[in-house]
Amino acid sequence: QVQLVESGGGLVQPRGSLRLSCAASGFTFSDYPMRWYRQAPGKERESVAYISSSGGYTNYADSVKGRFTISRDNAKNTVFLQMNSLKPEDTAVYYCHTIHRGNDCWGQGTQVTVSS
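Figured I'd write up the structure that's included with this text. Please read these numbers as outputs of a predicted model, since none were measured by experiment.

**Brief notes about the sheet that holds strand E3 (residues 18–25)**
Working step 1: Read from one edge to the other, the open sheet built from 4 strands follows the order E1-E3-E8-E7, with strand pairing classed as antiparallel. Bordering the open sheet on either side are strand E1 (3–7) and strand E7 (68–73), each of which pairs with just one other strand. The average undirected angle you get between the axes of adjacent strands in this sheet is 15 degrees.
Working step 2: Taken together, the 5 bridges between E1 and E3 define a ladder with antiparallel strand orientation. Each residue of the ladder has a partner; that of Gln3, found in E3, is Ser25.

Listed below in structure tokens is the structure:
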């Protein structure tokens with residue numbers, strides 16, 4: 001079955017950087033677009049970044065544009081989120097996501113905390 005496993009979260013100071021990874025298995029990764037979402041306490045889950053199956057197209061939420069970069073390595077079945085110039089408001093649980101055969105597939109999430 002589809003498995004998505006995020007890693008790379010942690011505590012970082014404002015203006016710092018983190019790189020999240022999501023390892024995928026159970027499906028033909030290179031055939032599927034991927035997204036990163038995040039959910040802050042008391043807020044709805046929101047889409048942060050999108051990447052097409054080939055990696056040739058990406059799209060970002062306005063709140064992270066210019067600071068975050070989504071990428072993928074189809075040979076390693078992994079999608080990444082490079083996060084630079086982090087702000088306290090980026091604090092959230094970050095999830096990778098895909099839609100496989102009509103089903104929403106989520107990882108367990110990785111906590112990112114931006115605080116001094």
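**Here's the deal with the nonpolar core**
Working step 1: Formed by 30 residues in total, the largest nonpolar core has its most connected members in Trp36, Val79, Leu81, Met83 and Tyr94.
Working step 2: Only E3, strand E4 (34–39), strand E5 (46–51), E7, strand E8 (78–83), strand E9 (92–100) and strand E11 (110–114) provide two or more residues apiece to this core.
Working step 3: The dominant element in this core, judged by the number of residues it contributes, is E3, at 4 residues.
Working step 4: Filtering out sequence-adjacent residues up to four positions away, Met83 remains in contact with Gly16, Ser17, Leu18, Leu20, Arg67, Phe68, Tyr94 and Val112.

Calculation rules
Residues numbered from 1 in each chain as written. Predicted model: local features only at pLDDT ≥ 70, side-chain atom pairs only at ≥ 80, totals over all residues. Heavy atoms only, no water. Pairing = 2+ DSSP bridges. Helix = DSSP H or I, 4+ residues; strand = E, 2+ residues; numbered from the N terminus. Axes fitted to C-alpha atoms, helices over the stretch in contact; angles between N-to-C directions. Core = buried A, V, L, I, M, F, W, Y, C linked by side-chain atoms within 4.5 Å. Buried < 20%, exposed > 50% of the residue type's maximum accessible area, 1.4 Å probe, protein only. Contact = heavy atoms within 4.5 Å.

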